[in-house]
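These are the residues of each chain, in order.
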Amino acid sequence: MVKLTGEEKDKIKRFLNEGENIRKYIFDKLSEFRASHGAMVSPLEGPIIYTIIRYLKPRIVVETGVANGASSTLILSALEKNNLGKLYSIDLPDKNLLLKGEVGWLVPNYLRHRWKLIIGDSRIILPKLLAELRHVDIFLHDSLHTLEHILFELKESYTYIPKGGFLIIDDINVNWIRKINQEIKTEKFELFSNLLVLRK
């Protein structure tokens, strides 16, 4: 994280510790279902996303893929701690991933004032949303994990992200990293387990 952000180690450590507390909250909620928790609740990836939000203090974050709302809860918790920013989430619900009936049910009510959830296909919704927002500080892909779809979402988002902003891909196939770096020109990148973080 120091390499990507240039931030002091002590501050990064504090942000990671805050993120770990949010991760534990999510893990406990999901444990009630005895289900597979997924990458966002790993001790590494969840706190990394939280830390990026705390560090950059973004005004606008866009994510694709919500399901139960683990990533949304991490992002929104960091935005709330910053006292700044809004999250726009796009989700095409998959009943096989939902542990309860509602998309994003994990997100606590006190965080929802910073959240806009849009139900639908990101191929249709994402270009329209980005054109409407005209600026995105951080984009997180966690929807359909094919190389074609990842590149579509990254290319759509790239134009709207300023220098110094982030593009994040969850559940990345490491064999695709070279192709992504050829297609998406970024200043720095780092891999945290299955989480690829690109800095423009």
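Residues numbered from 1 in each chain as written. Predicted model: local features only at pLDDT ≥ 70, side-chain atom pairs only at ≥ 80, totals over all residues. Heavy atoms only, no water.

**Q** Would you explain the pairing of strand E1 (residues 60-64) in this entry?
**A** Side chains on a regular strand alternate between the two faces of the sheet. The buried fraction of E1 amounts to five of the five residues, a majority that puts the element mostly inside the structure. Along E1, one buried face is formed by Ile60, Val62 and Thr64 and the opposite face, lined by Val61 and Glu63, is buried too. The pairing of E1 with strand E2 (residues 86-91) spans five bridges and is parallel. Among the inter-strand pairings, Thr64 is bridged to a residue of E2, identified as Ile90. What joins E1 to E2 is helix H4 (residues 70-82), and the crossover it makes is right-handed. One ladder, built from four bridges, connects E1 with strand E4 (residues 138-141); its direction is parallel. Directly across from Val61, in E4, lies its bridge partner Ile138. (Buried < 20%, exposed > 50% of the residue type's maximum accessible area, 1.4 Å probe, protein only. Helix = DSSP H or I, 4+ residues; strand = E, 2+ residues; numbered from the N terminus. Pairing = 2+ DSSP bridges. Right-handed = clockwise from strand over helix to strand, strands pointing away.)

**Q** So what exactly am I meant to see when it comes to the side chain of Thr5 here?
**A** Along the chain, Thr5 falls in helix H1 (residues 2-5). Polar contacts involving the side chain of Thr5 include one to the main-chain amide nitrogen of Glu7, which spans 3.1 Å. Setting aside residues no more than four positions away along its own chain, Thr5 makes contact with Ile12, Tyr55, Phe166 and Arg199. (Polar contact = N/O pair within 3.5 Å; in protein donor to acceptor, adjacent residues only side chain to side chain. Contact = heavy atoms within 4.5 Å.)

**Q** Please explain the pattern of salt bridges as it appears in this structure.
**A** Here the idea is simple: oppositely charged side chains can pair when their charged atoms come close. Enumeration according to the criterion identifies nine salt bridges in this entry. Between Glu20 and Arg23 there is a salt bridge, and its shortest N-O distance comes to 2.7 Å. Here the residue Glu20 and the residue Arg23 both occupy positions in helix H2 (residues 9-31), the gap between them amounting to three residues, near one helical turn. Residue Glu20 is classed as buried on the basis of its relative accessible area, which comes to 18%. Put simply, Glu80 and Arg114 hold a salt bridge, and the shortest N to O gap is 2.7 Å. (Salt bridge = Lys/Arg side-chain N within 4 Å of Asp/Glu carboxyl O.)

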